[in-house]
Amino acid sequence: MPSMGKTRASASDSKVQKVREALMFQAVSHAPEEEQESFSVEIPDLVQNPAGEQLMEIRFRLTTTNPAPVTYLVLSRLETIDEATATAIEALTPLHKSELCLGKKAISEQNEMQTLGLLKKGILSRLRSYPTSISEDEALLKDHEIAERLKLAVALRLVEKRILDASLNELGSLTGRLAEAAFLM
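Residues numbered from 1 in each chain as written. Predicted model: local features only at pLDDT ≥ 70, side-chain atom pairs only at ≥ 80, totals over all residues. Heavy atoms only, no water.

Engineer: So what exactly am I meant to see when it comes to the side chain of Ser 76 here?
Structural biologist: Mapped onto the secondary structure, Ser 76 falls in helix α3 (residues 70-79). The buried category is assigned to Ser 76, whose relative accessible area is 14%. At 2.7 Å, the side chain of Ser 76 forms a polar contact with the backbone oxygen of Tyr 72. Excluding anything up to four places from it in sequence, Ser 76 contacts Thr 115 and Leu 119. (Helix = DSSP H or I, 4+ residues; strand = E, 2+ residues; numbered from the N terminus. Buried < 20%, exposed > 50% of the residue type's maximum accessible area, 1.4 Å probe, protein only. Polar contact = N/O pair within 3.5 Å; in protein donor to acceptor, adjacent residues only side chain to side chain. Contact = heavy atoms within 4.5 Å.)

Engineer: What is the right way to look at the side chain of Glu 99 in this model?
Structural biologist: By the element assignment, Glu 99 lies in helix α5 (residues 94-101). Look at Glu 99 and you get buried, because its relative accessible area is 17%.

Engineer: Please explain the pattern of salt bridges as it appears in this structure.
Structural biologist: A side chain with one charge may pair with a side chain of the opposite charge, provided their charged atoms come close. Applying the stated rule across the entire model yields 5 salt bridges. Notably, a salt bridge pairs Glu 99 with Lys 105, separated by 3.5 Å at the nearest N-O pair. Residue classification places Lys 105 among the partly exposed residues on the basis of a relative accessible area of 24%. Notably, a salt bridge pairs Lys 161 with Asp 137, separated by 2.6 Å at the nearest N-O pair. Taken together, the positions of Lys 161 in helix α8 (residues 148-176) and Asp 137 in helix α7 (residues 134-142) put the pair 24 residues apart, joining distant regions of the chain. On the accessibility criterion, Lys 161 (1% relative accessible area) is buried. (Salt bridge = Lys/Arg side-chain N within 4 Å of Asp/Glu carboxyl O.)

Engineer: Just to check I follow, could you spell out the environment of Ile 163 for this structure?
Structural biologist: Within the secondary structure, Ile 163 is located in helix α8. For Ile 163, a relative accessible area of 18% gives the class buried. Sequence separation between Ile 163 and Leu 62 is 101 residues, and the spatial gap between their C-alpha atoms is 6.8 Å. Sequence-distant contacts of Ile 163, that is, excluding residues within four places in its chain, are made with Leu 62, Thr 63 and Thr 64.

Engineer: In this structure, what is going on with the nonpolar core? I would like to understand it.
Structural biologist: What tends to happen in soluble globular proteins is that the nonpolar side chains get buried as a cluster. By size, the foremost hydrophobic cluster in this structure holds 15 residues, and its most contacted members are Leu 73, Leu 116, Ile 123 and Leu 171. Breaking this core down by element, the ones donating at least two residues are α3, α6 (109-128) and α8. Not counting the four nearest positions on each side in its chain, Leu 116 is found in contact with Leu 73, Leu 171, Leu 174, Thr 175 and Leu 178. Among the nonpolar cores identified, the runner-up in size contains 14 residues, and Val 19, Val 74, Ile 89 and Leu 184 belong to it. (Core = buried A, V, L, I, M, F, W, Y, C linked by side-chain atoms within 4.5 Å.)

The following block contains the structure:
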């Protein structure tokens, strides 16, 4: 295991992390009920980043009916902020911070483009990691010679791909509506 030495977080990193943590907690605690039921928050045992801060892992359950949960977008937006944005967010009124945490307004057009781009890239990577395409899985399911267990595995894989595809389409739709979006900055 490589030695991390004595790594200290800079003041700007600390500020960004402080703003993220405060707003992420608010966003998660005010998430719509259907979203609260579809994700879990886990804090791994003593997992820390190089600055010595404990990391929080948040998992979202994407579905075809909710392919891009609001809280998923809010937390992803917060993950991409820099020091200047953190400073601007700190200066916002509580009402504006609430609008940000509830997903009613995005941070900025630049932040939104960066966030949506990163989310799309992650979903595309996940889709590409499957050994077959959606159409290949559909063809496999029509094959009557295929074993029942394999058919179930392919059906599950196909559902996962359709959910990821729905998420990708929703993120594309959000990107297309950026001109209509409400931004705080």
